[in-house]
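So the chains spell out like this:
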Amino acid sequence: MEDRREEPVFLEPVVSVCPLGDATAVDVRVVAANVQAVFDLGVDILERSPLPEEAFLADRRQYDAAAVLRHLDAMVRPPFRKILGVTTVDLCIPVFTHVFGEAHLGGRAAVVSSFRLRTNENGFKASIETYTHRLIKVALHELAHTRNLVHCDNPRCLMHFSPKVNHLDRLPILFCERCRYLLTQDWRRPAGMG
Ligand SMILES: [Zn+2]
Ligand SMILES: [Zn+2]
């Protein structure tokens, strides 16, 4: 079929959610459902994939988030345009001791990790509800980065930079009006235009 899209891409297949390693089926489904509902996008869940071995940093006992993103990026298949990995392993990038998630700004791949989301700042286990909300928030935040959204000054917006779980907990599962507008513009751009 000829791929001449002049119509806005809306609820067509857009985002693949990919379970990495031992990500739980519940987490994967919760993330997929929220991506679909909040962004109003077509979402599909891929087969489970092992984490790329080359991403493991033996000296840090963590996974290099950039290498995980490269692995995910190579898995994007049309008509899907974005891929979101869900993992349980601890992710890091060179300048941070750890990250909750990572994405290529304006790129195709994003990843969220549950590793740091299960405990509170005081070391106690978070409630399942708090944990789930954190997972959803990081997933939506990272995916929005792939749609060119940068960090937002509004402390009540999902694009606010939240390096700690207690910061995440203060956020609603919502983008501010400005970020929401930017997202709508970007998602509706026809395929092939970025
Ligand atoms: Zn961010
Ligand atoms: Zn915002």
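Now for a description of the structure that goes with this document. (Residues numbered from 1 in each chain as written. Chains lettered and ligands numbered in written order. Predicted model: local features only at pLDDT ≥ 70, side-chain atom pairs only at ≥ 80, totals over all residues. Heavy atoms only, no water.)

1. Description of the sheet that holds strand β5 (residues 82–87)
Part 1 of the argument: The strand order β2-β1-β5-β9-β8 describes an open sheet built from 5 strands, whose pairing is mixed. With partners counted over all chains shown, the strands left at the sheet margins are β2 (42–45) and β8 (101–103), one partner each. Each adjacent strand pair in this sheet contributes to an overall mean axis angle of 20 degrees, direction not counted.
Part 2 of the argument: Inspection of the sheet shows strand β1 (residues 13–19) paired to β5 by 5 bridges, in the parallel sense. Looking at the pairing, V17 lines up with L84 of β5.
Part 3 of the argument: Packing against the sheet, helix α2 (residues 65–73) makes contact with β1, β5, β8 and β9 (109–113), and its axis sits at approximately 125 degrees to β9.
Part 4 of the argument: Each of β1, β5, β8 and β9 is contacted by helix α3 (residues 128–146), which is oriented at about 165 degrees to β9, the strand it contacts most. (Pairing = 2+ DSSP bridges. Helix = DSSP H or I, 4+ residues; strand = E, 2+ residues; numbered from the N terminus. Axes fitted to C-alpha atoms, helices over the stretch in contact; angles between N-to-C directions. Contact = heavy atoms within 4.5 Å.)

2. Quick word on unusual backbone geometry
Part 1 of the argument: Here the amide bond leading from P78 into P79 is cis, since omega sits at 10 degrees, within 30 degrees of zero.
Part 2 of the argument: The residue D40 is not glycine, and still its phi comes out positive at about 60 degrees.
Part 3 of the argument: Tracing the backbone shows D40 in the loop between α1 (25–39) and β2.
Part 4 of the argument: Classification of D40 as partly exposed rests on a relative accessible area of 31%.
Part 5 of the argument: The backbone of N148 shows a phi angle near 75 degrees, a positive value even though the residue is not glycine.
Part 6 of the argument: Checked against the element boundaries, N148 lands in the loop between α3 and α4 (165–170). (Buried < 20%, exposed > 50% of the residue type's maximum accessible area, 1.4 Å probe, protein only.)

3. What about the coordination of the zinc ion (ligand 1)?
Part 1 of the argument: At 2.0 to 2.1 Å from the zinc ion (ligand 1) lie its protein donor atoms, namely H141 (NE2), H145 (NE2) and H151 (NE2).
Part 2 of the argument: Expressed as a motif, the donor residue spacing for the zinc ion (ligand 1) is H-x3-H-x5-H. Linking H141 with H145, this pair stays in helix α3, spanning 4 residues, or about one helical turn. H145 shares its class with H141; the two are buried. (Donors = N, O, S within 2.8 Å, 3.2 Å for Na, K, Ca; no water.)

4. Let's talk about the nonpolar core
Part 1 of the argument: Core analysis: the biggest nonpolar cluster contains 38 residues, and V15, V35, F39 and F175 have the highest contact counts within it.
Part 2 of the argument: Sorting elements by how many residues they give to this core places α3 first, with 8 residues.
Part 3 of the argument: A55, L72, V76 and V111 belong to the second-largest nonpolar core, a separate cluster that totals 18 residues. (Core = buried A, V, L, I, M, F, W, Y, C linked by side-chain atoms within 4.5 Å.)

5. A few points about the coordination of the zinc ion (ligand 2)
Perfect tetrahedral coordination of a metal by four donors corresponds to 109.5 degrees between them, and perfect octahedral coordination by six donors corresponds to 90 or 180 degrees.
Part 1 of the argument: The coordination sphere of the zinc ion (ligand 2) contains the protein donors C152 (SG), C157 (SG), C176 (SG) and C179 (SG), at a distance range of 2.3 to 2.4 Å.
Part 2 of the argument: Classification of the site at the zinc ion (ligand 2) rests on its 4 donor atoms, whose angles at the metal span 104 to 115 degrees, yielding the label tetrahedral.
Part 3 of the argument: Within one chain, the residues serving as donors to the zinc ion (ligand 2) are arranged as C-x4-C-x18-C-x2-C. We note that C176, like C179, is buried. (Tetrahedral: all angles 85-135°; square planar, octahedral: opposite > 155°, others 65-115°.)

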